[in-house]
Amino acid sequence: RLQKKYRLKVDKDVPLLGMVTRITEQKGFELLMEIIEPLLRLRVQIIIVGDGDKRYKNFFTKVSRKYPRKMVAYMQFKSDNITRIYAASDMFLMPSQFEPCGLAQLIALRYGSVPIVRETGGLKDSITPYNKFTDEGLGFTFTFYDAGDILGALDRALETFFDYPASWQSLQTRGMRAHFTWDKSARQYMDLYRSL
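Residues numbered from 1 in each chain as written. Predicted model: local features only at pLDDT ≥ 70, side-chain atom pairs only at ≥ 80, totals over all residues. Heavy atoms only, no water.

A. Looking closely at helix H2 (residues 29-40). Between its first and last C-alpha, H2 extends 15 Å over 12 residues, near the 16 Å set by a 1.5 Å rise per residue. Looking only at H2, the buried set comprises Phe29, Leu31, Leu32, Ile35, Ile36, Leu39 and Leu40. Considered in projection along H2, the buried side chains sweep an arc of 150° and stay on one side of the axis. (Helix = DSSP H or I, 4+ residues; strand = E, 2+ residues; numbered from the N terminus. Expected span 1.5 Å × (residues − 1). Buried < 20%, exposed > 50% of the residue type's maximum accessible area, 1.4 Å probe, protein only. Arc of directions from axis to C-beta.)

The structure is reproduced here in structure tokens:
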């Protein structure tokens, strides 16, 4: 439905990468500008929803016009769109330069959208990297704020999506079952307090 609504090519076998965010440098838009053309040459579709810095908004609007069947840049927040992006996307992209906490990756997990995040702040704390040998982890991560590192994480995610569908489904299910409630944090705090 989302592909149809935004006039993307309707194909359930093409992974949809979602982003719902403020359009700012902090959220990784400089890096995304650098990799967008190589990324769009891959078998993916991208939808970005958000508002913010006019320079980035103009850039991504222009790119989406160049690739109208592969990319959507919806440069304003609308709550019904936001929920649809989480629900419809296969992967959720968060290449943040820094991220003290981050909620979007947790929402994405609940909807079965596998996060692809930079290992910084709350993203590193909450998204354990997927290990294909042990079938553990919640998403795909990269360490350095550079094109090669993020493209490597995207390659690993796409390889899993296309070549190992059972592993991909397991990853989605594990994410939907993940808990980040205060109950868990409070228990860990009490355990630490008692150990002292």
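B. Spotlight on the sheet that holds strand E6 (residues 140-142). In spatial order, the strands read E3-E2-E1-E4-E5-E6; together these 6 strands make up an open sheet with parallel pairing. The sheet is open, and its two edges are formed by strand E3 (71-74) and E6, each paired on a single side. Looking at each pair of strands side by side, their axes are set apart by 15° on average, direction ignored. Summarising the sheet, strand E1 (residues 16-23) and strand E2 (residues 45-52) pair through 8 bridges and their orientation is parallel. Bridge pairing in E2 links Leu16 to Gln45. Lying on the sheet, helix H5 (residues 104-111) is in contact with E1, strand E4 (91-94) and strand E5 (114-118); it crosses E4 at an angle near 175°. Packing of helix H8 (residues 165-177) onto the sheet brings it into contact with E4, E5 and E6, and relative to E5 it is tilted by some 80°. (Pairing = 2+ DSSP bridges. Axes fitted to C-alpha atoms, helices over the stretch in contact; angles between N-to-C directions. Contact = heavy atoms within 4.5 Å.)

C. Just the layout of surface pockets, in detail. As a volume, the largest pocket reaches approximately 360 Å³. Lining the largest pocket are 15 residues; nearest its centre among them are Cys101, Leu106, Ser126, Phe180 and Ser185. At the level of secondary structure, the elements contributing two or more residues to the lining of the largest pocket comprise H5, helix H6 (121-126) and helix H9 (182-195). By residue number, the principal contributor to the lining of the largest pocket is H9, which donates 4 residues. The residue inventory of the lining of the largest pocket, partitioned by class, reads 6 nonpolar, 7 polar and 2 charged. Looking at the second largest pocket, its volume works out to about 230 Å³. Every residue along the wall of the second largest pocket is listed here: Arg1, Leu2, Gln3, Lys5, Asp11, Lys12, Val14, Leu16, Arg84, Ala88 and Asp90. (1 Å grid on protein atoms, 1.4 Å probe; cavity = no way out; pocket = protein on both sides within 12 Å on 5 of 7 lines; lining within 4 Å. Points joined across faces, edges and corners; volume = space filled by probe spheres on them. Nonpolar A, V, L, I, M, F, W, Y, C, P; charged D, E, K, R; others polar.)

D. The pairing of E5, seen in detail. Burial analysis of E5 places 5 of its 5 residues in the buried class, the great majority of the element. Here E5 shows no split at all, with Val114, Ile116 and Arg118 on one side and Pro115 and Val117 on the other all buried. Regarding the hand of the β-α-β motif, the stretch spanning E4, H5 and E5 is right-handed. Where E5 meets E6, 3 bridges bridge the pair, whose relative direction is parallel. Directly across from Ile116, in E6, lies its bridge partner Phe140. Crossover connection from E5 via H6 to parallel E6: handedness right-handed. (Right-handed = clockwise from strand over helix to strand, strands pointing away.)

E. Region of the structure containing the side chain of Gln45. Following the sequence through the fold, Gln45 ends up in strand E2. Residue classification places Gln45 among the buried residues on the basis of a relative accessible area of 2%. In this structure, Gln45 is in contact with Gln3, Leu8, Lys9, Val14, Pro15, Leu16, Leu17, Arg69 and Lys70, ignoring residues within four places of it in sequence.

F. Geometry of helix H7 (residues 147-163). A rise of 1.5 Å per residue sets the reference length of H7, with its 17 residues, at 24 Å; its end C-alpha atoms lie 24 Å apart and thus fit the reference within 8%. Where H7 is concerned, the buried positions are Ala147, Ile150, Ala153, Leu154, Ala157, Leu158, Thr160 and Phe161. Along the axis of H7, the buried positions cluster into a sector of 170°, meaning they face one direction only. Turned more than 90 degrees away from the buried face of H7, the exposed residues are Gly148 and Asp163. On the buried face of H7, the contacting elements are E1, H2, E4, E5, E6 and H8. Looking at where H7 begins, the residue whose side-chain oxygen comes 3.1 Å from the main-chain nitrogen of Gly148 is Asp146. (Polar contact = N/O pair within 3.5 Å; in protein donor to acceptor, adjacent residues only side chain to side chain.)

In short, the description is geometric, and any link to function would need to be established separately.
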